[in-house]
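Structure assessment
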Amino acid sequence: MDTILSILNDIDDTIDYDNEPRLIDNHLLDSFGVITLVSELEEAFNIEIDAASMVPENFNNVEAIWNLVQRKQGVSA
Amino acid sequence: MITYTNEIYLVFFLPLTLLAYEICPKRHRGKVLIAASYVFFYLISKWLFLYLFGVSVFIYLAARLLERARRSGKRYGKIILIFSVLLPVGLLLALKYTNFIGENVTRLGNLLSGGTAVFQPWSILLPIGISFYTLEAVGYLLDVWWGRIPAEKSLEKVLLFLSFFPKLMEGPILRWQDTEATLFSNESLKLENLETGAIRIFWGLLKKIMIADRLAIVVNNLFANYASHQGLVTVLAAVLYTTQLYMEFSGVMDICIGSAKLFGIVLPENFRQPFFAKNASEFWQRWHISLGAWFKNYIFYPMSTSSLVKKWTKTGRKKFGKGLTRAVTSALCLFPVWMANGIWHGAKWSYIFYGLYYFCIILFETVTEPYWKKGMEKLHINMAAPWYRAGQRVKLLCIVFTGEMFFRAENLHVGVHMFRSIFTGSGMAELKGHLLLNVGIDIDDWNVIIAGLIVVVLYDILKELNVFSLEKLRAMKLPVRWSAYYALIFSVIIFGAYGEGYQAIDLIYAGF
């Protein structure tokens with residue numbers, strides 16, 4: 001979780017990630033933010049995020065991102 | 001011909017469809033909407049409705065095959081995917097670009113050989129809305145392939161999804177998962193839906209026939225005589241065309257969304273106060289939203305997760321650092337999006353230029369944004385200050401007006417000429433010579449345009465501030481609500497540019 005928060009803060013430190021449940025739906029994280037996040041997550045957690053996973057539900061908040069990472073870690077384990 | 005703004009649609013087609021829908025048993029209401037949609041299609045494109053029907057059946061079968069192949073892990077799934085995507089896209093390209101390619105190949109041949117061959121364009125009939133439902137069909141197939149949605153078992157639903165008449169001509173471009181909840185619910189007509197739907201239609205009519213159709217006369221005149229205009233007059237042409245396009249396209253979207261709402265069907269919004277954006281990237285998240293979302297979901301993201309981009313990101317970071325890697329990654333992902341955007345709009349070099357224009361601007365904004373932020377911090381400039389935001393909006397307006405000028409120009413050559421002419425004279429003499437009263441409309445028309453624009457701009461401001469909207473109007477007290485409704489309805493009836501003295505103006509986006 002801390003790693004994810006640190007990556008997100010690197011992308012945009014003006015957002016209160018702990019209390020924002022809809023980063024994508026509320027237009028806080030744009031598509032460039034998402035692709036930066038994806039490449040950072042892949043590097044930090046040694047996972048592969050594919051096109052099928054590129055849906056708002058996977059990136060709307062820290063918990064959703066954490067769940068995505070865990071699912072992908074489960075796949076690669 | 002039927003169109004969303006004429007009496008055939010508003011007085012006959014829509015009420016008759018509502019009536020047939022309501023009196024029909026719930027389980028057959030989808031069929032009523034399909035029948036109405038195909039009648040709508042037939043009234044515009046005649047027998048070409050068979051094309052839409054053929055594509056729909058093909059997509060339905062392909063999706064079911066794709067799902068089976070994906071679940072069983074069969075390798076031929078990818079072959080089915082490529083074939084089923086390439087077929088509708090290939091047909092779209094063939095129908096829209098054969099003459100464009102033929103003409104340019106002939107020109108190139110002449111250039112190389114010194115010949116004077118003349119390309120004879122083929123007479124190709126284009127089914128209405130093909131650019132819109134082709135994207136919907138491809139999006140549906142990809143979502144099934146990626147396991148985001150199951151392949152639909154009912155052919156009836158796929159037929160309705162691709163043909164639903166309120167979005168057939170100009171979108172919004174639908175995604176299955178965003179619309180299925182209401183599109184297939186077949187719920188009975190409700191007073192609440194009829195009221196909000198009807199008022200949204202009138203709001204769209206106000207923008208389209210009160211403002212855009214009058215501006216169309218001026219814009220056609222200014223662009224037809226572009227060679228004799230300079231400076232401020234050329235700028236004015238660009239500003240007025242952008243205004244016309246916004247009023248017309250967002251107005252027609254209001255009518256489409258309102259029409260669907262009458263049946264209780266919720267279509268996605270296609271505009272979100274675009275001129276409040278702070279940069280070009282955000283502008284495209286607010287302007288023609290469903291097209292931008294389609295490109296993001298089905299080109300930008302797949303490109304950004306492709307092995308090519310991932311390989312580059314890994315090696316780039318080690319060898320060239322984060323900044324350059326980010327720049328190249330952005331370029332790799334953005335280029336296909338904006339090329340596709342340009343090509344999607346039609347077979348003209350000016351549309352391709354339009355796409356590449358935004359590619360360069362958005363790439364520049366994306367790459368320089370982190371450095372710009374740091375620079376502003378060092379200079380202790382508050383980027384949230386009103387003067388800074390105002391500056392951002394002025395810059396965005398310049399970008400948008402210039403882009404739309406090239407978009408509207410007869411061809412790229414004319415676009416370049418017009419852009420240059422901004423700097424070759426002031427245009428003041430023309431304006432002082434009452435040019436604006438000699439462009440096809442009189443002072444009363446200008447007054448109606450200005451009054452209409454004030455209302456729309458005020459509404460956009462209040463909506464952006466989340467203070468007021470048509471949806472919120474419904475919650476207001478009866479006298480307030482109905483006063484507003486009557487004002488809107490009578491404005492459209494009294495000031496709409498229709499009937500004697502006015503020519504019906506074709507929908508701009510229906511031509512794409």
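1. A few points about the overall build of chain A
- Secondary structure summary: chain A contains 3 helices and 0 strands in total.
- Along the chain direction, N to C, the helices and strands of chain A fall in the order α-α-α.
- Here chain A has a C-alpha radius of gyration of 11 Å; the compact-globule value for 77 residues is 11 Å, and the two agree.
- Relative to its 77 residues, chain A shows a buried fraction of 29%.
- Across chain A, contacts joining residues at least 24 apart in sequence account for 64% of those joining residues at least 6 apart.

2. As for the overall build of chain B
- Tallying secondary structure elements over chain B gives 19 helices and 0 strands in all.
- The C-alpha radius of gyration of chain B comes to 24 Å, within 12% of the 24 Å expected for a compact globule of 512 residues.
- Referenced to the eigenvectors of the C-alpha coordinate spread, the extents of chain B come out at roughly 70 × 70 × 60 Å.
- Burial statistics for chain B: of 512 residues in total, 39% are counted as buried.
- For chain B, long-range pairs separated by at least 24 residues make up 76% of all intrachain contacts whose partners lie at least 6 apart in sequence.

3. Quick notes on the domain arrangement of chain B
Residues and elements named next belong to chain B.
- Per the domain assignment, the segments of chain B are domain 1 (7-188) and domain 2 (195-496).
- Each of domain 1 and domain 2 has a C-alpha centre, and the two are 26 Å apart.
- Tallying the contact residues gives 24 residues for domain 1 and 21 residues for domain 2.
- Broken down by secondary-structure element, the contributors of at least two residues to the side of domain 1 that touches domain 2 are α1 (7-23), α4 (76-113), α5 (130-145) and α7 (176-183).
- Per element, the largest residue contribution to the side of domain 1 that touches domain 2 is 5 residues, and it comes from α5.
- Per-class residue counts for the side of domain 1 that touches domain 2 are 12 nonpolar, 7 polar and 5 charged.

4. Quick look at the environment of B:Trp47
All names here are of chain B.
- Mapped onto the fold, Trp47 is located in the loop between α2 (29-45) and α3 (49-71).
- Here Trp47 falls in the exposed class, since 10 other C-beta atoms lie within 10 Å of it.
- Taking the C-alpha atoms as reference points, Trp47 and Pro127, separated by 80 residues in sequence, lie 9.1 Å from one another.

5. Comments concerning the environment of A:Ile35
Residue and element names in this part refer to chain A.
- Within the secondary structure layout, Ile35 lies in helix α2 (residues 31-45).
- On the basis of neighbour count, Ile35 is assigned to the buried category, with 23 C-beta atoms found within 10 Å.
- Taking the C-alpha atoms as reference points, Ile35 and Ile49, separated by 14 residues in sequence, lie 10 Å from one another.

6. Section: the interface of chain A and chain B
- With 13 residues of chain A in contact, the opposing surface of chain B contributes 15 residues.
- A breakdown of the residues in the side of chain A that touches chain B according to their chemical character gives 8 nonpolar, 3 polar and 2 charged.

7. Things to note about unusual backbone geometry
- With an omega of 5 degrees, the peptide bond between B:Gly171 and B:Pro172 qualifies as cis.
- Structurally, B:Pro172 is set in the loop between α6 (155-163) and α7.
- For A:Asn46, which is not a glycine, the phi torsion comes out positive at approximately 55 degrees.
- A positive phi angle, near 55 degrees, is found at B:Asn186, a position not held by glycine.

8. Let's talk about α2(A)
All names here are of chain A.
- Its 15 residues place the ends of α2 21 Å apart at the C-alpha level, agreeing with the 21 Å of an ideal helix rising 1.5 Å per residue.
- Restricting attention to buried positions, one finds in α2 the residues Ser31, Phe32, Val34, Ile35, Thr36, Leu37, Val38, Ser39 and Leu41.
- Trailing α2 by a residue or two, Asn46 shows a phi angle of about 55 degrees, which is positive.

9. Details of the nonpolar core
All names here are of chain B.
- In this structure, Ile59, Ala63, Leu141, Leu215, Val219 and Ala237 are the most contacted members of the largest nonpolar core, which totals 140 residues.
- For this core, the leading source of residues is helix α9 (residues 231-262), giving 17 residues.
- Each of two domains, domain 1 (7-188) and domain 2 (195-496), supplies a minimum of three residues to this core.
- Every residue in contact with Ile59, bar those within four places of it in the chain, is listed here: Ala137, Tyr140, Leu141 and Val158.

10. Points about the packing of helix α8 (residues 191-224) of chain B against helix α19 (residues 478-495) of chain B
Residues and elements named next belong to chain B.
- Orientation of α8 relative to α19, taken along the N-to-C sense of each, is 35 degrees, at an axis distance of 9 Å. Once α8 is placed against α19, the crossing between them reads as left-handed. In this structure, α8 uses Ile199, Phe202, Trp203, Leu205, Leu206, Ile209 and Met210 to contact α19, whose residues at the interface are Tyr485, Leu488, Ile489, Ser491, Val492 and Phe495.
- The class makeup of the residues in the contact of α8 with α19 is 12 nonpolar, 1 polar and no charged.

11. Points about the confidence of the model for chain B
Residue and element names in this part refer to chain B.
- The predicted model of chain B has a mean per-residue pLDDT of 91, with 98% of residues at 70 or higher.
- Per-element confidence in chain B is highest for α6, whose mean pLDDT is 97, and lowest for helix α16 (residues 428-432), whose mean pLDDT is 84.
- In the predicted assembly, ipTM is 0.85 and pTM is 0.90.

12. Concerning the packing of α9(B) against helix α14 (residues 386-408) of chain B
Residues and elements named next belong to chain B.
- Two elements in contact, α9 and α14, have axes separated by 8 Å at closest approach and are oriented at 85 degrees. Here α9 is positioned roughly perpendicular relative to α14, judged by the angle of their axes. The segment α9 lies against α14, with Ala238, Val239, Tyr241, Thr242 and Leu245 engaging Val400, Phe401, Thr402, Glu404, Met405 and Arg408.
- Counted by class, the contact of α9 with α14 contains 7 nonpolar, 2 polar and 2 charged residues.

Here is what the cut-offs are and how they apply
Residues numbered from 1 in each chain as written. Chains lettered and ligands numbered in written order. Predicted model: local features only at pLDDT ≥ 70, side-chain atom pairs only at ≥ 80, totals over all residues. Helix = DSSP H or I, 4+ residues; strand = E, 2+ residues; numbered from the N terminus. Rg over C-alpha atoms; globule rule 2.2 N^0.38 Å. Buried ≥ 20, exposed ≤ 12 C-beta atoms within 10 Å, placed from the backbone. Contact = placed C-beta atoms within 7 Å. Domains from an automatic or database assignment. Nonpolar A, V, L, I, M, F, W, Y, C, P; charged D, E, K, R; others polar. Expected span 1.5 Å × (residues − 1). Core = buried A, V, L, I, M, F, W, Y, C linked by C-beta atoms within 7 Å. Axes fitted to C-alpha atoms, helices over the stretch in contact; angles between N-to-C directions. Left-handed = near helix turned anticlockwise from the far one by under 90°. pLDDT = per-residue confidence, 0-100. Parallel < 35°, antiparallel > 145°, perpendicular 65-115°, else oblique.

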